[in-house]
Amino acid sequence: MAEEVLVLEEKFVLTIFGASGDLAKLKIFPSIFALAEAGMLPANYWIIGYARSEYDQSSFVDLFRTSVQAYCEKNGGWSEKRSDVLEDLLQQVYYYRGQYDKASSYSGYAEYRNELTNNNFAQELFYFSIPPSVYVPVVQQISDIPDLDKSKVKLVMEKPFGTDEVSATQLFHVIGERFVEDQVYLIDHYLGKPSVRSILAMRHNNRLLNSMFKGKEVANIQITANEPFGVEGRLGYFDKVGTFRDMLQSHLLQVLALVTMSIPVKRDARSLRQEKESILSALCFEPADESVCLGQYEGYCDGVEDTCNLSTATFGALRLTINRESWFEVPIYIRSGKYVGSEKKTNVVVELKKFAFQSSEVPSNKVVFELAPTENIHFHLFNEGDDGIEPIEVVNSQTIACSMGNCLSDHALLLMEAIQGEQMYFLSFGEIIACWKIMDQVMEYTMNSLPERYQKNSRGPDGQDRLMGEGEVWMDSL
Ligand SMILES: NC(=O)c1ccc[n+]([C@@H]2O[C@H](COP(=O)([O-])OP(=O)(O)OC[C@H]3O[C@@H](n4cnc5c(N)ncnc54)[C@H](OP(=O)(O)O)[C@@H]3O)[C@@H](O)[C@H]2O)c1
């Protein structure tokens, strides 16, 4: 039986700031195409690229076309059917050339948008695909657009939200003076991944699983996100932020929150975000060498020595605890590295405590959420057979990767939800501030530390092992 396709019915305007940039080309245009291909877009909508670059209507449409074609070639191939969908979509694509900080640009934009739409739309989404340094002036200018109907506005923003607690607080203050938080859709694309969402779904629907995820049952939790490649053309961006801000501050702390938070009784955006904020606010970082490890792969600065920073971490590992009676002294290890291992690997390993009487020869039980490259949940159990203790591995490879009859990418799914007004998988201001509080402590403690060098495609710096408590090891092979 064919599944029902969700169609977004209301007319909308989607304006993309920074429409000339990489994120727009690589993620946003293909996501809009994916929604069109899935038949989800309404009869009337307008996509307006906004940037300073010298495009006109025709060259911007060409840019949109080639970006989508390149995406399709890597994802399922190009076809006549896809070409027809794209040409229809391109009829709704426009370009407005303007500055980000000049009121005259925004009044010109408003005139242009009104000409196109006759002011007949139900919502106006502004997608921030610009560097975070430009967020504040753009929010200020949007709110001053002549004739703006604020009640129709949604702000869709990509992480990073600020660079520390102070800058994030300032951003949220500026937004909060002009809009309400319910109008803001803060993206961490990890929360668009079906495998990450399935952590919550599995916990919500299985009391068996959930009762294991209590501090008193858990020996430790390890969250790993390693990539076998380097910064690949993103050195300019990456060198300013490093792994702690790029990967740990949001992606891995979000995963941590989903694994350790209390399951909200109601499965709605407010309840979920409150629980995540609550557990993230309870995280503790002990400023000590046993709590943090920084690494940099050999050759990171090769060829760009003049501009590249030898103190940028391309590998980061942290030992955290949760300041809650229920999680007292349970270590939580998170790590991420570039040029680590031979394949992309993202997983969560929850190691359960053993009985006090259990033989040391019997390994502990483990629950593994494999998030990439494949999506699985594994239970590592044991039984006794003729030859003694035998491992049993129960694997569930059924995931929620394709929902509503369509397999949408992380960004496409999140874009659809922003248009729908579903905030469940977007971040709240409070969660982001809680994450920055922890990361600021890490940044302060490591301010004068130089990262340890590690060989490309090795397991990362040896220093990561000093984080482990007695009898603990990183579970590299799971
Ligand atoms: N690329 C990714 O995969 C990725 C992933 C996660 C998050 N993000 C975040 O998403 C946002 C956009 O990423 P991106 O890679 O597309 O960025 P980008 O290419 O550096 O910038 C996007 C556009 O913003 C404008 N711009 C660049 N620097 C500017 C400056 N200093 N002042 C004003 N405008 C400037 C440029 O457009 P014009 O000059 O034409 O106006 C540029 O084409 C960033 O916040 C980034 O951190 C990106």
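Quick caveat: nothing in here was measured; it's all calculated off a predicted structure.

Asks: Before we go on, may I ask you to explain the site of the ligand in this structure?
Replies: The environment of the ligand is formed by 19 residues, the closest being Ser20, Leu23, Ser53, Tyr100 and Ile130. Between Ser53 and the ligand, the recorded distance is 2.5 Å, taken from a side-chain N or O atom to an oxygen atom. With respect to the ligand, the side chain of Tyr100 contributes an N or O atom lying 2.6 Å from an oxygen atom. Taken together, the residues of the shell around the ligand break down into 10 nonpolar, 5 polar and 4 charged.

Asks: I keep staring at the state of the cysteines and nothing clicks. Help me out?
Replies: In protein chemistry, a disulfide is the covalent bond that joins the sulfur atoms of two cysteines. A complete count under the given rule lists 1 disulfide for this structure. With a sulfur-sulfur separation of 2.0 Å, Cys301 is cross-linked through a disulfide to Cys308. Between Cys301 and Cys308, the disulfide has an S-S torsion of -70 degrees and is therefore left-handed. The thiol sulfur of Cys435 is not disulfide-bonded, and the nearest other cysteine sulfur, from Cys284, lies at 14 Å.

Asks: Explanation requested: the domain arrangement of the chain in the structure shown.
Replies: Note: interface size is frequently given as the accessible area lost on complex formation between the parts. The domain architecture assigned to the chain consists of domain 1 (12–158) and domain 2 (190–404 + 453–467). Placing the centre of domain 1 and that of domain 2 at their C-alpha centroids yields a distance of 35 Å.

Asks: Can you walk me through a negative patch on the surface in this structure?
Replies: A contiguous patch of negative charge on the surface is contributed by Glu298, Asp302, Glu305 and Asp306. Here Glu305 lies in the loop between β9 (292–297) and β10 (315–322).

Asks: Honestly, the environment of Val231 in this entry has me stumped. Any pointers?
Replies: If you trace the backbone, Val231 turns up in the loop between β7 (218–226) and α9 (235–260). Relative accessible area serves as the criterion here: at 11%, Val231 is assigned to the buried category. Measuring from C-alpha to C-alpha, the distance between Val231 and Tyr300 comes to 8.4 Å, with 69 residues separating the pair along the chain. Leaving out residues up to four positions away in the same chain, Val231 has contacts with Phe238, Tyr297, Tyr300 and Lys338.

Asks: Even after reading the chapter, I still don't get helix α1 (residues 22–37), so can you show me in this structure?
Replies: Note that an α-helix has 3.6 residues per turn; residues three or four places apart therefore point the same way. With 16 residues, α1 extends 22 Å between its outermost C-alpha atoms, agreeing within 8% with the 22 Å of an ideal straight helix rising 1.5 Å per residue. Residues of α1 that are buried include every one of Ala24, Ile28, Phe29, Pro30, Ser31, Ile32, Phe33, Ala34, Leu35 and Ala36, and no others. Looking at the buried side of α1, the elements it contacts are β1 (12–17), β2 (45–51), α2 (57–74), α3 (80–90), β4 (123–128) and α11 (410–420). Gly39 lies just past α1 and shows a positive phi near 70 degrees.

Asks: How should the pattern of salt bridges be read in this particular structure?
Replies: It is possible for side chains of opposite charge to pair when their charged atoms get near one another. In total, this model carries 17 salt bridges according to the counting rule given. Between Arg459 and Asp476 there is a salt bridge, with its nearest N and O atoms 2.7 Å apart. Within this pair, whereas Arg459 is found in the segment after β16 (452–454), its partner Asp476 is found in the segment after β16, the two being separated by 17 residues in sequence. With a relative accessible area of 30%, Asp476 lands in the partly exposed category. When salt bridges that share partners are traced, they join Arg335, Arg459, Asp465 and Asp476 into one network.

Asks: Got a minute to help me understand unusual backbone geometry in this structure?
Replies: Most peptide bonds take the trans configuration, and most residues that are not glycine carry a negative phi. A cis amide bond links Lys159 to the next residue, Pro160, at an omega of 5 degrees. Inspection of the secondary structure assignment puts Pro160 in the loop between β5 (153–158) and α6 (165–178). A cis amide bond links Ala372 to the next residue, Pro373, at an omega of 5 degrees. With respect to the helices, strands and loops of the structure, Pro373 is situated in the loop between β13 (366–372) and β14 (376–385). Not every positive phi belongs to a glycine, and Tyr339 is a case in point at roughly 55 degrees. Within the secondary structure, Tyr339 sits in the loop between β11 (332–337) and β12 (345–352). Despite not being glycine, Asn457 has its phi angle at roughly 65 degrees, a positive value. Within the element layout of this structure, Asn457 appears in the segment after β16.

Cut-offs applied
- Residues take numbers from 1 onward in each chain, read along the sequence in its written order.
- Only residues with pLDDT of at least 70 are given local features in this predicted model, and only at 80 or more are side-chain atom pairs given and counted; all residues enter the totals for whole chains, interfaces and linings.
- Side-chain numbers come from the whole structure's heavy atoms, not from hydrogens or water.
- When at least one non-hydrogen atom of a residue lies within 4 Å of a molecule or strand, that residue is treated as near it.
- Polar contacts, as counted here, are pairs of nitrogen or oxygen atoms within 3.5 Å of one another; within protein the pair requires one atom able to donate a hydrogen and one able to accept it, and residues that are adjacent in sequence qualify only if both atoms are side-chain atoms.
- Amino acids outside the nonpolar list (Ala, Val, Leu, Ile, Met, Phe, Trp, Tyr, Cys, Pro) and the charged list (Asp, Glu, Lys, Arg) are all regarded as polar, and Gly is one of them.
- Cysteine sulfur atoms that come within 2.5 Å of each other are treated as a disulfide pair.
- Domain start and stop points were drawn from an automatic or database domain assignment.
- Residues enter a patch when their relative accessible area is above 30% and they make no salt bridge; the linking distance is 9 Å between like charges and 5 Å between nonpolar side chains (Val, Leu, Ile, Met, Phe, Trp, Tyr).
- Methods summary: accessible areas were calculated by the Shrake-Rupley approach with a probe of 1.4 Å, and residue burial reflects only the protein chains presented.
- Definition used for salt bridges: Asp or Glu carboxyl oxygen within 4 Å of a side-chain nitrogen of Lys or Arg.
- When charges are counted, Lys and Arg contribute as positive and Asp and Glu as negative, whereas His and the chain ends are disregarded.
- To locate a charge, the coordinates of NZ of Lys, CZ of Arg, CG of Asp or CD of Glu are taken.
- Numbering goes from the N terminus for both helices and strands, where a helix is a DSSP run of H or I of at least four residues and a strand is a run of E of at least two.
- Each residue is assigned to one of three classes by its accessible area relative to the maximum for its type, calculated with a 1.4 Å probe on protein chains only: buried under 20%, partly exposed between the two thresholds, exposed over 50%.
- Every residue pair with non-hydrogen atoms within 4.5 Å of one another is taken to be in contact.
- The span you would expect from a helix comes to 1.5 Å times its residue count less one.

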